[in-house]
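Below are the chains, spelled out letter by letter.
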Amino acid sequence: MAEREKARALFNRIAGHYDLLNHLLSFRIDKYWRKRAMKRLDPACKARFLDVACGTADFSIAAIRAGVQQVTGVDISEGMLELGREKIARCGLSERVRLEEGACEELVFPRESFSSAGIAFGIRNFENREKALREIFRVLEPGGQLVILEFSLPGRFPVKQLYHFYFYRLLPWIGGLVSGNKEAYAYLPESVSRFPSPEIFAGMLREAGFSDCAAKRMSFGIAVLYTARKPLATDSSCPLEADSAGKS
């Protein structure tokens, strides 16, 4: 089965437990990470935000709460989108947030449609990351910002050893017990371990055309916040920020 169809089927199966397990398994730190990401958006980039792989719309809602005026979310999982729409309606945000089914590698929007874009814990599941990044670059305005949150693996003792035990042993067991789908939560650590290092992924952002790129490790390296910008002029700088372990 193609990676896209595998991901679609997997997330449709776990949609009903997705939010609960996300918050439980991250000790609710995922909400803090989304707020940190939104703080990196310039006020000038808060008119129209594209939430790529939006899932159940947590990042879309965080964007509105951070001052974004309008959000469009896209995802391949209709099960996740249904829950996201219900959540948006409960928050009274239906007029400001629109969710659509669609593949991140084949965005249907015209060039320069959005002033900013983001991906929260979804890019590791993309079938073709390079193509998806080029598509996001295409639909951003010149000067538009991109923020990406993704899981990573800590590299420092003793956090590395403790987290590896939790991530590879306890997390699949807890996730499977609550959701009834152990396969899905065995997939999570597998997909994280296969994702490129921050340095390599920063290079992928550069190759897609982005500038002013940075990768900031958070919460002892459990997650990484990537930021980039569609340049007004050619600029290929893409530094890796210092590790912020212990500061977040």
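Use the structure listed above.
Residues numbered from 1 in each chain as written. Predicted model: local features only at pLDDT ≥ 70, side-chain atom pairs only at ≥ 80, totals over all residues. Heavy atoms only, no water.

Q: Hey, could you run me through a nonpolar patch on the surface in this one?
A: A cluster of nonpolar side chains, contributed by Leu20, Trp173, Leu177 and Val178, occupies part of the molecular surface with about 430 Å² of accessible area. Ranked by residue count, the leading element in the nonpolar patch is helix H6 (residues 159–179), at three residues. Position of Trp173 relative to the elements: it lies in helix H6. (Patch = residues over 30% accessible without salt bridge, like charges linked within 9 Å, V, L, I, M, F, W, Y side chains within 5 Å. Areas by Shrake-Rupley, 256 points an atom, 1.4 Å probe, with all protein chains shown as cover. Salt bridge = Lys/Arg side-chain N within 4 Å of Asp/Glu carboxyl O. Helix = DSSP H or I, 4+ residues; strand = E, 2+ residues; numbered from the N terminus.)

Q: Help me out: how do you make sense of the packing of aromatic side chains in this one?
A: Summed over the entire model, instances satisfying the criterion amount to 11 aromatic pairs. Summarising the aromatic geometry, the rings of Phe49 and Phe59 are spaced 5.9 Å apart at their centres and angled 85 degrees between planes, so their arrangement reads as edge-to-face. Of this pair, Phe49 sits in strand E1 (residues 48–52) while Phe59 sits in helix H3 (residues 58–65), and the two are 10 residues apart along the sequence. In this structure, Phe49 and Phe59 share a single accessibility class: buried. Just above the ring of Phe137 sits the side chain of Lys230; from NZ or CZ to the centre is 4.9 Å. (Phe/Tyr/Trp six-rings, centres within 6.5 Å; stacked < 30°, edge-to-face > 60°. Buried < 20%, exposed > 50% of the residue type's maximum accessible area, 1.4 Å probe, protein only. Lys NZ or Arg CZ within 6 Å of the ring centre and 35° of its normal.)

Q: I'm lost on unusual backbone geometry in this one. Help?
A: Most peptide bonds take the trans form, and the phi angle of most residues other than glycine is negative. In this structure, Pro158 follows Phe157 across a cis peptide bond, with omega equal to 0 degrees. With respect to the helices and strands, Pro158 occurs in the loop between strand E5 (140–151) and H6. Within the chain, Phe121 stands out as a residue other than glycine whose phi angle is a positive 60 degrees. Mapped onto the secondary structure, Phe121 falls in the loop between strand E4 (114–120) and helix H5 (129–139). In this structure Phe121 comes out as buried when scored by relative accessible area, which is 6%. In this model, Asp212 sits at a positive phi of 50 degrees, which is unusual for a non-glycine residue.

Q: Would you mind showing me how to read the pattern of salt bridges here?
A: Side chains bearing opposite charge may pair, as long as their charged atoms lie close to each other. On inspection of all chains with the given rule, the structure shows 12 salt bridges. Note that Arg229 is salt-bridged to Asp42, the shortest N-O span being 2.6 Å. Taken together, the residues span a long stretch of sequence, with Arg229 in strand E7 (residues 223–229) and Asp42 in the loop between helix H2 (29–39) and E1 at a distance of 187 residues. Asp42 gets classed as partly exposed once you look at its relative accessible area, which sits at 31%. Across the salt bridge formed by Glu100 and Arg98, the nearest N and O atoms sit 2.6 Å from each other. Here Arg98 falls in the partly exposed class, since its relative accessible area comes to 43%. Connected via shared salt-bridge partners are Asp19, Asp58 and Lys87.

Q: What is the right way to look at the packing of H6 against helix H7 (residues 182–194) in this model?
A: Two packed helices can be described by the angle between their axes and the distance between those axes. At a closest axis distance of 7 Å, the pairing of H6 and H7 adopts a crossing angle of 150 degrees. For the pair H6 and H7, the crossing hand works out as right-handed. Side by side, H6 and H7 meet where Phe167, Tyr168, Leu171, Pro172, Gly175, Gly176 and Ser179 of the first sit next to Lys182, Tyr185, Ala186, Leu188, Pro189, Val192 and Ser193 of the second. Split into classes, the residues belonging to the contact of H6 with H7 amount to nine nonpolar, four polar and one charged. (Axes fitted to C-alpha atoms, helices over the stretch in contact; angles between N-to-C directions. Left-handed = near helix turned anticlockwise from the far one by under 90°. Contact = heavy atoms within 4.5 Å. Nonpolar A, V, L, I, M, F, W, Y, C, P; charged D, E, K, R; others polar.)

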